[in-house]
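# Breakdown of the fold
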4 protein chains.
Amino acid sequence: MTAPERRYVITFGCPDRTGIIARISGFLAEHGGWIVEAAYHTDPDTGWFFTRQVVRADSLPFDAAELRARFGEVAADLSAESSWQVSDTGERRRAVVLVSKAGHCLYDLLGRVASGELDVDIAAVIGNHESLADITRAHGIPFHHVPFPTGGKEAAFEEVRKLVDEHDPHAVVLARFMQILPADLCRDWAGRAINIHHSFLPSFIGAKPYHQAHTRGVKLVGATCHYVTADLDAGPIIDQDVIRVDHGDSVEDMVRKGRDIEKVTLARGLRWHLENRVLVHGNRTVVF
Amino acid sequence: MTAPERRYVITFGCPDRTGIIARISGFLAEHGGWIVEAAYHTDPDTGWFFTRQVVRADSLPFDAAELRARFGEVAADLSAESSWQVSDTGERRRAVVLVSKAGHCLYDLLGRVASGELDVDIAAVIGNHESLADITRAHGIPFHHVPFPTGGKEAAFEEVRKLVDEHDPHAVVLARFMQILPADLCRDWAGRAINIHHSFLPSFIGAKPYHQAHTRGVKLVGATCHYVTADLDAGPIIDQDVIRVDHGDSVEDMVRKGRDIEKVTLARGLRWHLENRVLVHGNRTVVF
Amino acid sequence: MTAPERRYVITFGCPDRTGIIARISGFLAEHGGWIVEAAYHTDPDTGWFFTRQVVRADSLPFDAAELRARFGEVAADLSAESSWQVSDTGERRRAVVLVSKAGHCLYDLLGRVASGELDVDIAAVIGNHESLADITRAHGIPFHHVPFPTGGKEAAFEEVRKLVDEHDPHAVVLARFMQILPADLCRDWAGRAINIHHSFLPSFIGAKPYHQAHTRGVKLVGATCHYVTADLDAGPIIDQDVIRVDHGDSVEDMVRKGRDIEKVTLARGLRWHLENRVLVHGNRTVVF
Amino acid sequence: MTAPERRYVITFGCPDRTGIIARISGFLAEHGGWIVEAAYHTDPDTGWFFTRQVVRADSLPFDAAELRARFGEVAADLSAESSWQVSDTGERRRAVVLVSKAGHCLYDLLGRVASGELDVDIAAVIGNHESLADITRAHGIPFHHVPFPTGGKEAAFEEVRKLVDEHDPHAVVLARFMQILPADLCRDWAGRAINIHHSFLPSFIGAKPYHQAHTRGVKLVGATCHYVTADLDAGPIIDQDVIRVDHGDSVEDMVRKGRDIEKVTLARGLRWHLENRVLVHGNRTVVF
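Residues numbered from 1 in each chain as written. Chains lettered and ligands numbered in written order. Predicted model: local features only at pLDDT ≥ 70, side-chain atom pairs only at ≥ 80, totals over all residues. Heavy atoms only, no water.

In the nomenclature of an unreviewed UniProt entry, chain A corresponds to Formyltetrahydrofolate deformylase from the organism Amycolatopsis iheyensis. Per UniProt, chain A has the following entry under Function (unreviewed entry): "Catalyzes the hydrolysis of 10-formyltetrahydrofolate (formyl-FH4) to formate and tetrahydrofolate (FH4)." Per its UniProt entry, chain A bears the Sequence similarities (unreviewed entry) comment "Belongs to the PurU family." (UniProt positions renumbered as here; feature names shortened; annotations may be inferred.)

Below, the structure is given as structure tokens:
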């Protein structure tokens, strides 16, 4: 695989009105911007307009900082306020992964990164148990063990915050982390903290969703990748998937089958997030 | 298509122990019974054993009534009590369908019956509106209009009960009926009243599930076919399915996409029920 | 349901270059055009650009004919040649359906039209057998029986052509028609004749695909909705779907399960076609 | 997780007739055998009967060897000839994995084994390139590099054979191995060599299936797990799956999306094989 050419990705939201697309594409065309991907969405309920535009970096006569400065005027004209962003694919993405004992999501992410499929640097893995230290280090990635003793969770989370923030990551991935983030971390990592919940939300919020699913006798189990908010398992959903189960499946079988969709759904949601494809709108997402 | 050969279907449940399969299959073999389909399940949580056996009628030297009498002794030996049944595919299945205004499930069922795919007599369709009368009658099926005025629901349900019970149907199908069955009908039609709910239960119980789904921002919408119990949308699930939606889908789009899985899931659940493939076990089902 | 507001739908393709979006959206903005839906695609292999734009009719100061005239200049500037179209949702869509004996797709289409889900007038149904005449007429739609005797197929197809062409339909739907269209009809109905093939193409081209699938022992069976071309089952694919089967499924079971996806895939492909969402590009489609 | 209790798994096929189930279950019951799982299938086309029975080892008064000897008499009575097997879950399963450069399937298998999900010893990994040596060894598994130079393939395959056969593995897994097994290895490893092909067979046999899929413009791409036979990509299919693609997906996107189903489909097929759930019947499989 050759490296993909450098691109600037504009994501943008503003109140809908006539002429937005003309304004944005006119601005880009004026400077020779070659659009290689463009997507639009209007939410009729809220009257809000969204777009994501991908421009070849070499087609513009200026760099990302200058694009940001100039596009800022367009955004101001369209009352976008802070709902826009210009990102540069030339800037390498960084993620920190939080884990507990269950390794399937971490193994999967490491494999995707190692095989070049997921284009991100995993700056660190932090675990409240040590069981995943060896595999992490075998991939050349630092592993930090932060125990979460009863009565010591607050201090533990401060330690986690410090370890995460020193990398200023584009994504904080809760890969079956099993600890509930305190409200201040939810706030400070808003739009960057991504969780995989092992149920088809809003079914089976909270603990032991596969047990809940087995008791209810459902015929499909699911997984949900979502942004973390202070409201448990209720943040904006990025992606979901399901897999068929039947009466012959024990809770353990459901856990095993569910893992396959947890892994895929988390990896897909993380990829979209890192490619700036996910725009949060209230408690919902637009995924371009 | 030639008519399928006549068969007896034994469904059976009892406390698990050694030798059950040997006892049942020994009984059948002794009389020359040719088993064309056999399925087993043991529930390790409850220690209960289930089976469904399909025997060619012409391989046995007696009729269904005699099979029932003789098999009753086997069932008694195995402490099955009332948890068993012998049904005869030579006896034509009957269903009554309850509808409101939304026609997609009824159209679908009528089409399946007319094209010979679903092997059942629809004895009558009962609607609380008249909008589906014409299409029902075009298929040569009686349509009864039973209005549900405010304050008159109790009487209306008595009328529905009368109209249903005169056919002694194998299935009472709530094809988007939109009225909540009173507890006495739930009880009297237990194991025969089948509902299609337009969500992936237990998500979005009750009214307007697609609106609830849209508000929550889910990425899949679902449908659930289940037996009706007095506990709203909480009866044993027969089948479920989902379909992908995205941010571009309005509530109306979700409704439209959801219909396709409602139709298929209801038809599949009803078929399984009519073929005696569904065994209820507590609030869960075994589907052979 | 209230009628959706009137809209103009522009579909457009041209060689890719800088400024296309700006040109088109600039043109629309200049006249106050309110874009309610917009989609773009660039094919890197062929260097071709595609877009579909939906504009509120009441936002423009002129009608569809005038829009067509004025947009023609934009199209010419961008070297689109004949690869563009302006359609008006105020003009009702018409379809003619060709059938044989199998009714499941026809029943499904009739039900969708009757329940208001599929917004099209079925002008006529033409069958080479009479078995589906009654249900068609029960829906108030003319049914024409055109027998296809050995040695008389050419004349029969001329009759079919005459019956179809008098309605000048937006779509000619081969709903399990089972006769191979002659080359001249494929040419004259190019981009309008839509077939549902009962396999996941390119697997199992031609006759008896479910038998072929059963013999090969596949674990999924499929359906393919595609435009008809002179090359059998090889036209541009609009949509495909699959359903799981297993060793217990006979050919007849596969046929039955497959019908559910044939119906849905055909209805979905037809809807997209009627909404001008499908742009043909060589032997592939862009589906916006 | 506690170790699952030891079990004997009987797989069995014979010409169908009355009394087979009674004979087998009678034999087991006679010795106190506690059946925890049982499945049956009759193929009406070939008149062949299949079963898989799982018995708790501690419920029988003898060991696997004795069970094999005694059950042999039952099998002989029923004319099963060599179509039966008794396996012992107490005997650990061994697999050898063959790879090339693409690592996604190997990473996935290693992760599943390491996390305890897939209960098998990977005795060795053999690669015709060295790129996957490090990750293999990081999991404590020997990696053998066997180059396949032009003109030296025959010798290379002899080396592979030697390296594989010394472990007498239950499964030889071609995890995107990319070399076509010679006929003699197909024969000697019949029923044990498992391949993952990156298409929905029989579509796109042979090289570069994603390129073929892209050219044809399909709307789903697939993966097929099958036993290897001398006939390329035509062996008995164990499992298949698909994932949706659209016009926006390049060949590289299809490759990436396809990997997710390749991994899952291979892992599922391998699990079923190792649990003796897959019975080959002609060129098809029965998967219990």
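### Quick word on the UniProt feature "domain: ACT" (unreviewed entry) in chain A
UniProt records the feature "domain: ACT" (unreviewed entry) at residues 9-85 of chain A, using the numbering of this structure. Within the segment residues 9-85 of chain A, helix and strand shares are 32% and 35% respectively, and the terminal C-alpha atoms sit 8 Å apart. (Helix = DSSP H or I, 4+ residues; strand = E, 2+ residues; numbered from the N terminus.)

### Structural notes on the interface of chain A and chain D
In this complex, chain A contributes 18 residues to the contact, which on the side of chain D involves 18 residues. Interface of chain A and chain D: buried area, both sides summed, is about 1,600 Å²; carbon and sulfur atoms make up 53% of it. If you sort the residues of chain A by the area they bury against chain D, Y107, E117 and R256 of chain A come out on top, with a joint share of 28%. Taken together, the connections running from chain A to chain D amount to six salt bridges. A salt bridge links R112 of chain D to D260 of chain A, with the shortest nitrogen-to-oxygen separation between them at 2.8 Å. Those elements that place two or more of their residues in the side of chain A that touches chain D are α3 (104-114), α4 (133-138) and α8 (251-274) of chain A. Counting residues per element, the side of chain A that touches chain D draws most heavily on α8 of chain A, at seven residues. Class assignment for the residues of the side of chain A that touches chain D results in six nonpolar, three polar and nine charged. (Contact = heavy atoms within 4.5 Å. Buried area = accessible area lost by both parts, 1.4 Å probe. Salt bridge = Lys/Arg side-chain N within 4 Å of Asp/Glu carboxyl O. Nonpolar A, V, L, I, M, F, W, Y, C, P; charged D, E, K, R; others polar.)

### Digging into the relation of the copies chain B and chain A
You can overlay chain B on chain A at an RMSD of 0.0 Å; the transform is a turn of 180° with a shift of 0.0 Å along its axis. These values place the two chain copies in the arrangement generated by a two-fold rotation axis. Minimal C-alpha distance to the rotation axis in chain B is attained by S203 of chain B, lying at 2.5 Å. Of the residues that chain B buries at the interface, 100% are likewise interface residues in chain A, meaning the two copies contact each other through the same surface. (Least-squares fit on C-alpha atoms with pLDDT ≥ 70 in both.)

### With respect to the interface of chain B and chain A
The interface of chain B with chain A comprises 33 residues on the first partner and 33 residues on the second. Both faces combined, the contact of chain B with chain A buries some 2,700 Å², and carbon together with sulfur accounts for 55% of it. The largest contributions to the chain B side of the interface with chain A come from R216, K219 and H247 of chain B, which together make up 26% of the buried area. Taken together, the links from chain B to chain A amount to four salt bridges.

### Notes on the UniProt feature "active site" (unreviewed entry) in chain A
In the numbering used here, UniProt assigns the feature "active site" (unreviewed entry) to D233 of chain A. With respect to the helices and strands, D233 of chain A occurs in the loop between β10 (220-227) and β11 (237-244). You can call D233 of chain A buried: its relative accessible area is 8%. Those residues within four positions of D233 of chain A in sequence are excluded, and the remaining contacts are N195, H197, L201, I205, G206 and H226 of chain A together with R216 of chain B. In terms of polar contacts, D233 of chain A uses its side chain to reach the backbone amide nitrogen of G206 of chain A, at 2.9 Å. (Buried < 20%, exposed > 50% of the residue type's maximum accessible area, 1.4 Å probe, protein only. Polar contact = N/O pair within 3.5 Å; in protein donor to acceptor, adjacent residues only side chain to side chain.)

### A closer look at the packing of aromatic side chains
All names here are of chain D. In the structure shown here, the tally under the stated rule is 32 aromatic pairs over all chains. Between F12 and F71, the aromatic rings sit 5.7 Å apart at their centres with planes inclined by 80°, giving edge-to-face as the arrangement. Of the two residues, F12 sits in strand β1 (residues 7-15) while F71 sits in helix α2 (residues 64-77), which places them 59 residues apart along the sequence. Here F12 and F71 have matching classes, each one buried. (Phe/Tyr/Trp six-rings, centres within 6.5 Å; stacked < 30°, edge-to-face > 60°.)

### Observations concerning the sheet that holds strand β6 (residues 121-127) of chain D
Residue and element names in this part refer to chain D. Strand order in this open sheet of seven strands is β7-β6-β5-β8-β9-β10-β11, and the pairing throughout is mixed. Two strands bound the open sheet, and with one partner strand each, they are β7 (143-145) and β11 (237-244). Each neighbouring strand pair of the sheet contributes to a mean axis angle of 15°, computed without reference to strand direction. Sheet topology places strand β5 (residues 94-99) next to strand β8 (residues 171-174); four bridges connect them, and they run parallel. Bridge pairing in β8 links A95 to A171. In the packing of helix α8 (residues 251-274) onto the sheet, the strands contacted are β8, β9 (193-197), β10 (220-227) and β11, and the crossing angle to β11 comes to about 155°. (Pairing = 2+ DSSP bridges. Axes fitted to C-alpha atoms, helices over the stretch in contact; angles between N-to-C directions.)

### Observations regarding the pattern of salt bridges
Within the structure shown, the criterion is met by 128 salt bridges over all chains. For R259 of chain B, the salt bridge goes to E117 of chain C, with nearest N and O atoms at 3.7 Å. With R259 of chain B in helix α8 (residues 251-274) and E117 of chain C in the loop between α3 (104-114) and β6 (121-127), this pair bridges two chains. In terms of burial, R259 of chain B and E117 of chain C fall into one category: buried. Note that D43 of chain D is salt-bridged to R284 of chain D, the shortest N-O span being 3.3 Å.

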